[in-house]
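Coordinate analysis (summary)
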Amino acid sequence: MRPIFSAALLIACADPELSGSADLDSLERAGLPAPPVAPAAAWSALGTVDASFGESVALAGDVNGDGYDDVLVGAPGHSNGELEEGGAFLYLGSPTGLQLVPAWTAESNQAGARFGASVASAGDVNGDGYDDVVIGAPAYSGTLARQGLATLYLGGAAGLSPTATWSTEGQWASSSLGTSVASAGDVNSDGYDDVIVGAPGVEGSTPTGVIILGTGQVRLFLGSASGLSAAPDWQDDEFFSLFGTTVACAGDVNGDGFDDVAVSDVSFSGFIEVFHGGPSGLTTVSWVYGLNPDQSEAHFGSALASAGDVNGDGYDDLIVGGEGTRHDKGRVQLFLGSPTGFGQSEDWAQEATQNAARYGSSVAPAGDVNGDGFDDVLIGARTFDRGQVDEGAVLLYLGSPGGLAQVAVWGAEGDQRDAFLGTATAAGDVDGDGQVDVLVGAPGFDVGGVDHGGVFSFVVTNAPDTDGDGLYDMVDRCVDAADPSNLDTDHDGLGNACDSPSLEVVGTVSRGLPATLVAAGVAPGESVRFHAGVGLPAPGPCPALLGGLCLDVGPQSVQIGSAVADDQGVATLIAMVPAAVQVGGTYTVQAAIPRGPGG
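Rules used in this analysis
- Think of each chain on its own: its residues are numbered from 1, step by step along the sequence as written.
- Predicted model: local features are reported for residues with pLDDT of at least 70 only, side-chain atom pairs are reported and counted for 80 or more only, and whole-chain, interface and lining totals are derived from all residues.
- Just so you know, side-chain values use all the structure's heavy atoms and leave hydrogens and water out.
- For the purposes of this entry, the term helix denotes a DSSP run of H or I that reaches at least four residues, the term strand denotes a run of E that reaches at least two, and both are numbered from the N terminus.
- Buried means the residue's accessible area, taken with a 1.4 Å probe over protein chains only, is under 20% of the maximum for its type, while exposed means over 50%, and partly exposed covers the values in between.
- In this description, contact between two residues means that some pair of their heavy atoms is separated by no more than 4.5 Å.
- In what follows, salt bridge is the name for a side-chain nitrogen of Lys or Arg lying within 4 Å of a carboxyl oxygen of Asp or Glu.

1. Topic: the overall build of the chain
Each helix and strand counted, the chain has 1 helix and 39 strands in total. The 599 residues of the chain split such that 57% are buried. When contacts within the chain are restricted to residue pairs at least 6 apart in sequence, long-range pairs at least 24 apart make up 57% of them.

If you want it as structure tokens, here you go:
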């Protein structure tokens with residue numbers, strides 16, 4: 001324990017009056033639940049001109065079996081012979097991190113197909129020990145215009161197969177199959193991973209921009225020793241909807257040993273459906289959650305992912321983004337798993353306060369970043385502004401026994417106008433060092449003033465948290481005093497808890513009468529201890545309550561009281577000025593706040 005603040009006030013006790021006042025800034029918060037910082041990227045990759053490189057990013061798993069996680073990047077605007085044919089790029093992990101040059105690339109060879117609009121790990125669909133990937137091309141035209149396409153590439157000792165080993169096309173014109181692709185986990189627990197594909201079925205729009213909805217469709221393909229099945233093993237259609245906008249493995253939300261899947265429909269306000277796995281595959285819909293109709297265009301479900309197990313209860317949880325909520329501020333909700341699955345109300349929610357931040361444009365599991373046994377999550381806000389318009393941001397929230405924390409402990413910004421950092425995000429360990437690497441897509445990132453798109457990797461270390469407030473030291477504005485809100489009221493770069501508080505006397509001071517002592521700039525809720533002594537400051541006692549550190553109020557000082565700081569960081573004590581103080585003499589008052597470990 002140590003008092004990192006100690007302010008002394010000398011009261012000259014003649015009968016003349018002394019007075020003072022506290023001037024406090026109003027508390028302000030940034031546009032997101034916690035202001036992110038901008039650490040330097042450990043690795044980056046850039047796309048070609050107008051490629052929208054980084055519009056999709058996924059952890060590919062370990063496609064070559066070398067023990068390092070690999071990363072797959074989609075660039076649906078990529079052109080190489082055909083305009084906007086789209087491309088996908090694989091970067092292998094290694095002991096030194098991600099390689100600078102992609103080890104594998106694929107293109108659609110069809111103009112406007114937007115191959116790579118969605119990319120995902122497929123898990124290991126054939127049980128050969130190598131992870132596989134699935135890629136969507138929602139604007140691909142086969143026998144029907146813009147029916148869409150999803151393709152699978154198998155992993156192996158040499159990496160991904162040079163050509164697709166499996167594909168499926170949309171059922172109707174403009175069905176946009178491949179808008180979303182994902183591993184379904186192992187829904188029937190047969191030892192082979194399965195794949196889910198969304199075709200939200202947008203038929204077009206009127207001249208005024210009103211979307212005409214068709215039939216949204218989701219298909220499940222089961223894995224086997226020979227790979228994915230040719231025909232869907234399960235399919236669900238929703239009429240007049242955008243069902244299949246996003247698809248995700250939800251993990252095992254009810255603890256029955258079978259993985260479950262989640263599917264969104266972002267039409268109107270948006271809703272989510274969860275389908276439980278079982279011995280025969282997916283069941284009928286098991287859980288539905290939607291927003292109130294008055295929240296139209298909230299785009300609830302625009303981002304969807306398993307959160308892992310954020311509260312350590314043994315059931316997987318679901319994180320859902322609605323980037324269009326409340327004037328595109330964006331909102332993210334968490335639903336906790338249980339023996340009966342998800343409940344009918346959110347278990348955690350966070351909303352941006354900045355208009356058009358689009359908080360929740362991406363969500364992803366981060367694993368257990370700090371090794372506390374609780375999984376953590378990443379949330380993107382692709383049009384967040386702070387210094388640059390639409391630079392974007394990504395934030396990390398830690399899990400705990402009570403669920404997700406309300407304040408992010410780490411973050412990064414785009415630091416470039418219209419970079420749209422946070423459009424996509426993923427996390428893994430690309431160099432095998434046991435620390436989490438965060439991958440973030442910024443499809444609007446410029447090179448020389450021209451859009452290329454980029455992906456950036458940030459290392460989130462198992463960093464120390466000196467004051468135990470849940471914020472890593474690297475983002476904690478005050479590492480010596482606990483303040484989970486991480487506020488910096490005066491914007492000096494130093495958190496409120498570390499600002500030098502002031503100690504003043506308010507009103508009239510006379511011998512033998514009470515005086516009002518005000519300590520300002522204190523962290524809300526902190527206890528301030530007031531000590532006083534007659535005479536000039538000198539080395540005083542070393543109270544055990546202050547960790548044995550010595551005060552400056554003289555050897556005869558005593559504690560005259562304590563007060564708890566209010567929500568404005570002000571602690572007030574009314575204390576009696578001893579009548580024994582001589583005219584012209586001094587009465588020294590000192591305030592101390594024990595902080596740090598043990599405080």
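2. Regarding the pattern of salt bridges
Side chains carrying opposite charge are able to pair once their charged atoms draw close together. Applying the stated criterion across every chain, the model contains 9 salt bridges. Taking the shortest distance from any N to any O, the salt bridge between Arg 114 and Glu 55 comes out at 3.1 Å. Here Arg 114, found in the loop between β6 (104-107) and β7 (118-123), pairs with Glu 55, found in the loop between β2 (43-46) and β3 (56-61); they are 59 residues apart in sequence, far enough to count as distant. For Arg 114, a relative accessible area of 27% translates into the label partly exposed. Among the residues examined, Glu 55 registers a relative accessible area of 27% and is labelled partly exposed. Between Glu 351 and Arg 326 there is a salt bridge, and its shortest N-O distance comes to 3.1 Å. Note that Glu 351 is positioned in strand β24 (residues 348-351) and Arg 326 in helix α1 (residues 325-328), a separation of 25 residues in sequence. With a relative accessible area of 23%, Glu 351 lands in the partly exposed category. The partly exposed category is assigned to Arg 326, whose relative accessible area is 43%. Connected via shared salt-bridge partners are Glu 323, Asp 328, Arg 358 and Arg 382.

3. Some points on the environment of Val 134
Turning to its location among the elements, Val 134 is positioned in strand β8 (residues 132-137). The sequence separation of Val 134 and Ser 167 amounts to 33 residues, and the corresponding C-alpha distance is 9.1 Å. Contact partners of Val 134, with chain neighbours within four places excluded, come to Ser 118, Val 119, Ala 120, Ala 122, Thr 151, Leu 152, Val 181, Ala 182 and Val 195.

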